[in-house]
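Read off the chains here:
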Amino acid sequence: MNVLVLNCGSSSIKYQLLEMGENPEVRAKGLVERIGLKMGCLAHKNNRNDRYETETEVTNHTVGIKLVLAALTNKDYGVIESLDEIKAVGHRVAHGGEYFTESVLINDDVIDKIKDCCDLAPLHNPAHLLGMYAMQEVLPSVPQVAVFDTSFHQSMPASSYMYPLPYSLYEQYKIRRYGFHGTSHRFVAEKACDILGWDIKDKKIITCHLGNGASITAIKYGDSVDTSMGFTPVEGVMMGTRTGDLDLGALLFIMEKEKMSVSDANSFINKKCGTAGVSEISSDMRDLELADANGDERAKLTLDMYAHRVKKYIGSYAAVMNGVDLIIMTGGIGENSCDTRKRVLSDMNYLGVEFDAVKNTDLRGQDDTISTSDSKVKVMTITTDEELVIALDTVKLVFG
Ligand code: AMP
């Protein structure tokens, strides 16, 4: 059975068609970009490695979706003969506010609630809605499912999700911590427990999703009880271009000195800071590791800061849960950067972590253990797959 997974941005549509079954397989994937601009484009690739690229005007999301469907059914580079073979559509949705604690089948009520959360994710939610409307127009009888980045973290207690702000601001604007990357945190924790033969309901787990965006979650007995991203995905650990945690006073000071507007400041904390800002070299961990190996002092400082901040979150989440059984490293950096894992996980024996530096070396893109056999706390690298989670949730909701 084929499931189409969509991640619609304001001017783009990222898609994957997955054949679901015992061993789900990506049959085709691609990206439509520059929707609404003068000239848009589509880049498509199938599982036979055929590629197709085209430049054409993509006036809106409906036109973009039609382009995707035409590519999927094309007799040369497509993978299905007819649109009837698409049995369900899963949408990634950035923000479900306090409405959604799990993935849901899309209906009018769900659409109204996603609309209601547009204020909280003004760049993302309106774009997801455009994708849903377009799908409803083009394939009206195909069931659609919404999978939220935030829903896994709705189990956080108020003591984790409230900010020390006047309570009325929470009541009026719903300002609180929501957390993101929920699909990834949930997926890697469940996958690791499957591999280990553990019941997630008995375990305390810290998941470190370290990619260009990064967040860390404390999962106690299967529920997210704290996570490092907050009201927006800027809070938490240091990221590729986002600050992570920062003294608010420092931001106000910078805004005043540099005469920044609110919109300038927003772009600054999201795009100009993090590892790119400190190093003034790159936001890409590979570039920083190379520069460090060549003796660049600033690259070294950046990598040390990065590891320090991740380490602090791991320690604090172990404190929050009164212990930890398993630490998981995932995301582009967590899965592939042996150097970052070593910096973060060495010298954690106070917590019962005995890091296996030999096993860690050259371990990339695999599900494996990187703690020694006598380590009290297990440490694993687990590969994440957010599209697969969306497809699995979609199948579960549509077909039971
Ligand atoms: P993501 O956003 O999950 O795709 O992760 C992107 C980040 O993963 C970038 O900072 C990359 O530099 C980093 N990354 C990917 N592969 C490697 C690698 N082999 N070694 C170090 N970092 C890597």
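Note: the structure precedes this text.
Residues numbered from 1 in each chain as written. Predicted model: local features only at pLDDT ≥ 70, side-chain atom pairs only at ≥ 80, totals over all residues. Heavy atoms only, no water.

Caption draft 1: Structural detail: the nonpolar core. In this structure, Ile206, Ile314, Ile327 and Leu345 are the most contacted members of the largest nonpolar core, which totals 37 residues. Of all elements in the fold, only strand E9 (204-210), strand E10 (214-220), helix H10 (285-293), helix H11 (297-321), strand E12 (326-330) and helix H13 (338-345) reach the threshold of two or more residues within this core. Here this core takes nine residues from H11, the largest share from any one element. The contact partners of Ile327, leaving out residues within four places of it in the chain, are Ile206, Cys208, Ile314, Leu345, Val353, Val377, Lys378, Val379 and Met380. (Core = buried A, V, L, I, M, F, W, Y, C linked by side-chain atoms within 4.5 Å. Buried < 20%, exposed > 50% of the residue type's maximum accessible area, 1.4 Å probe, protein only. Helix = DSSP H or I, 4+ residues; strand = E, 2+ residues; numbered from the N terminus. Contact = heavy atoms within 4.5 Å.)

Caption draft 2: Local environment of the site of the ligand. In the neighbourhood of the ligand, 13 residues make up the surrounding shell, with Asn212, Asp284, Met285, Gly332 and Ile333 lying closest. Between the ligand and Asn212 there is a distance of 2.8 Å, counted from an oxygen atom to a backbone nitrogen or oxygen. Here an oxygen atom of the ligand sits 2.4 Å away from a polar atom, N or O, in the side chain of Asp284. Here the ligand loses 73% of its free accessible area of 500 Å² to cover by the protein chains. Secondary-structure elements contributing two or more residues to the shell around the ligand are H10 and helix H12 (331-336). Per element, the largest residue contribution to the shell around the ligand is four residues, and it comes from H12. Across the shell around the ligand, the residue classes tally to two nonpolar, seven polar and four charged. (Near = heavy atom within 4 Å. Polar contact = N/O pair within 3.5 Å; in protein donor to acceptor, adjacent residues only side chain to side chain. Areas by Shrake-Rupley, 256 points an atom, 1.4 Å probe, with all protein chains shown as cover. Nonpolar A, V, L, I, M, F, W, Y, C, P; charged D, E, K, R; others polar.)

Caption draft 3: Representation of the environment of Tyr163 in the model. Within the fold, Tyr163 resides in the loop between helix H4 (158-161) and helix H5 (167-173). What Tyr163 contacts, discounting residues up to four positions off in sequence, is Ile175, Arg176, Arg177, Gly230, Phe231 and Glu235. A polar contact of 2.5 Å, which involves the side chain of Tyr163, links it to the side chain of Glu235.

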